[in-house]
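The primary structure of each chain is shown beneath.
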Amino acid sequence: MGFIGGDLRESFIGRIRGADPSRLLAVPIDVGKHSAAALVCDFWGEIVAPPFEFELNERGFQDFALVVARVEAERGAEWVRVGLEQAGHFHRPLQARLQTHGLEVSMFNPAQVKANRDQDLLRSLKSDATDLAAMAELLIRGKGRSSDSGDEAIAMQSALAAHRRRKVKARSVLKNQVHANLDLVFPGLSGCFSRIIHTKAGRLLIDEGLTPERVRRLGPERLARFCFKRGVVLRKAKAHQIVEAAKAAFALDPAISGVHARLLGADVRLLSRLDQEITWTEGELAEVLPRTPARVLTTLPLVSTVRASNYGGAVGDILRFRHAGQVYRLSGLVPKLYESAGKTRSGARISREGKVELREAIVDLGEALRQGHPDFARYAAELRSRGKHKGVVRCALGQRANRLAFAMMRDQQPFDPARW
């Protein structure tokens, strides 16, 4: 018949069925920047070791381990379940150290801990003690997901993919700032190109800091020679268009324009460094990918190193999941649902309760397959013909792409167009 709570609950009950709750220990840990707080209780909820603090270093960990070992010996513990609240990046070194020490670690989302605290009407009474109590109750009830297996290649893939994602987002913000300063230094220049930063000629004009006055003095022919001497071919029609834009450009105050020109130069140099960093990261991902289960995803149409690494790094150990639906649920792409008294109110919005990086990777995978595989393209066209919103189409494509990617990673079978 199954269990309320699904697979995780079934696994948990299998561990505790018939055991003495006084010999099952819960150890919640609330991580801070330089230190952490913990307590030890049994599965009856009786506190065995009251809340204590320890430093987040090897010396502090040994103090923590001594407390846990003492309680284990006193109770003759059969199982010690450690709970760790995700706290940005601060929890990760402790998580790794707990695993090397041989302790079983379950991870909690901060929102999960907060919701459990709120159930005890402690919404506005947050403290280390109340957070530890909330996590202890979650541990005793079997909540929380076990941490990744610690595969080195998958961990490297996840870190590199996250690094690239941050740099790409920073580059997008910086590009907007470059366009803003460019419009003040040389009004109208960006209108001469569809994507000025992505063209050699446009990038050269920005790098050289050409102002409307200087372009007017050069004229079309000398402007083309100017670019040619720097390794960029500027066609005659484009040169005339740029000169005409310079003639029509507003004349800003030279002092103000000069300030923005210097800012533009600094932003362009930073943009170049970001481009180099992203390129380097993609090279590192290409080296790591063959050692991870996500390598098989590169056999999909339009899915190369970056897309495969983003999905593989966000999923982690594929063996943690029994089916693709669990991965999709973890992404937060499932639609919101409210049901009461036999009436259901569902909305088009997604729950967003999950991993942002996984959500982005699944949607991107679906978009790639829409462009690269006719079946996905037909499916998207069918949904649009039925009046489905753009966001709904993207989620539906992502769900189908996720099922395919999950099966390929689980079975390590390359994409077979005929079978699909």
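Here, the structure is the one placed above.
Remember, it's a predicted structure, so these values are computed and weren't measured experimentally. (Residues numbered from 1 in each chain as written. Predicted model: local features only at pLDDT ≥ 70, side-chain atom pairs only at ≥ 80, totals over all residues. Heavy atoms only, no water.)

Some words on the packing of aromatic side chains
On inspection of all chains with the given rule, the structure shows seven aromatic pairs. Judged by centre distance (5.0 Å) and plane angle (35 degrees), the rings of Phe54 and Phe64 are tilted. Taken together, the residues span a long stretch of sequence, with Phe54 in strand E3 (residues 47-55) and Phe64 in helix H2 (residues 58-75) at a distance of ten residues. Neither Phe54 nor Phe64 differs from the other in exposure class; each is buried. Look at Phe61 and Phe64: their rings are 5.8 Å apart centre to centre, the planes differ by 40 degrees, and that puts the pair in the tilted class. Pair noted here: Phe61 and Phe64 are both in helix H2, with a separation of three residues, about one helical turn. We classify Phe61 as buried; its relative accessible area is 2%. Look at Phe64 and you get buried, because its relative accessible area is 0%. The rings of Phe52, Phe54, Phe61 and Phe64 are connected pair by pair, giving a single aromatic cluster. The ring of Trp79 carries the charged tip of Arg15 above its face, separated from the ring centre by 4.1 Å. Its guanidinium or amino end placed over the ring of Tyr379, Arg400 lies 3.8 Å from that ring's centre, counting from NZ or CZ. (Phe/Tyr/Trp six-rings, centres within 6.5 Å; stacked < 30°, edge-to-face > 60°. Helix = DSSP H or I, 4+ residues; strand = E, 2+ residues; numbered from the N terminus. Buried < 20%, exposed > 50% of the residue type's maximum accessible area, 1.4 Å probe, protein only. Lys NZ or Arg CZ within 6 Å of the ring centre and 35° of its normal.)

Observations concerning the sheet that holds strand E2 (residues 35-42)
Strand order across the open sheet formed by six strands is E3-E2-E1-E4-E5-E6, with mixed pairing between neighbours. Lying at the two open borders of the sheet, with one neighbouring strand each, are E3 and strand E6 (145-146). Sheet topology places strand E4 (residues 79-85) next to strand E5 (residues 104-108); five bridges connect them, and they run parallel. Bridge pairing links Arg81 to Glu104 in E5. Across the face of the sheet, helix H1 (residues 6-16) comes into contact with strand E1 (24-31), E4, E5 and E6 while running at roughly 145 degrees to E4. (Pairing = 2+ DSSP bridges. Contact = heavy atoms within 4.5 Å. Axes fitted to C-alpha atoms, helices over the stretch in contact; angles between N-to-C directions.)

Some remarks on the layout of surface pockets
Put simply, the second largest pocket is a space of about 630 Å³. Lining the second largest pocket are 26 residues, with Ile350, Gly391, Val392, Arg394 and Cys395 sitting closest to its centre. Ranked by the residues each element gives to the lining of the second largest pocket, the list is headed by helix H13 (residues 356-372), at six residues. (1 Å grid on protein atoms, 1.4 Å probe; cavity = no way out; pocket = protein on both sides within 12 Å on 5 of 7 lines; lining within 4 Å. Points joined across faces, edges and corners; volume = space filled by probe spheres on them.)

A word on the pattern of salt bridges
Where charged atoms of side chains with opposite charge meet at close range, the side chains can pair. By the definition in use, this model includes 22 salt bridges. In this structure, the salt-bridge partner of Glu78 is Arg23, at a minimum N-O distance of 3.4 Å. Within this pair, whereas Glu78 is found in the loop between H2 and E4, its partner Arg23 is found in the loop between H1 and E1, the two being separated by 55 residues in sequence. On the accessibility criterion, Glu78 (47% relative accessible area) is partly exposed. Assessed through its relative accessible area of 34%, Arg23 is described here as partly exposed. With its nearest N and O atoms 3.0 Å apart, the salt bridge here joins Arg410 to Asp411. Residue Arg410 is classed as partly exposed on the basis of its relative accessible area, which comes to 43%. In this structure, a network of salt bridges that share partners links the residues Asp42, Glu46 and Arg75. (Salt bridge = Lys/Arg side-chain N within 4 Å of Asp/Glu carboxyl O.)

A word on the packing of helix H8 (residues 212-228) against helix H9 (residues 236-248)
Geometry of a packed helix pair, given as the angle between the helix axes and the separation of the axes. Packing of H8 against H9 leaves a shortest axis separation of 8 Å and a crossing angle of 160 degrees. Comparing their axes, H9 and H8 come out roughly antiparallel. For the pair H8 and H9, the sense of crossing is left-handed. When H8 is examined against H9, the residues Pro212, Val215, Arg216, Gly219, Pro220 and Leu223 are found in contact with a partner set consisting of Ala239, His240, Ile242, Val243, Ala246 and Lys247. Taken together, the residues of the contact of H8 with H9 sort by class into eight nonpolar, two polar and two charged. (Parallel < 35°, antiparallel > 145°, perpendicular 65-115°, else oblique. Left-handed = near helix turned anticlockwise from the far one by under 90°. Nonpolar A, V, L, I, M, F, W, Y, C, P; charged D, E, K, R; others polar.)

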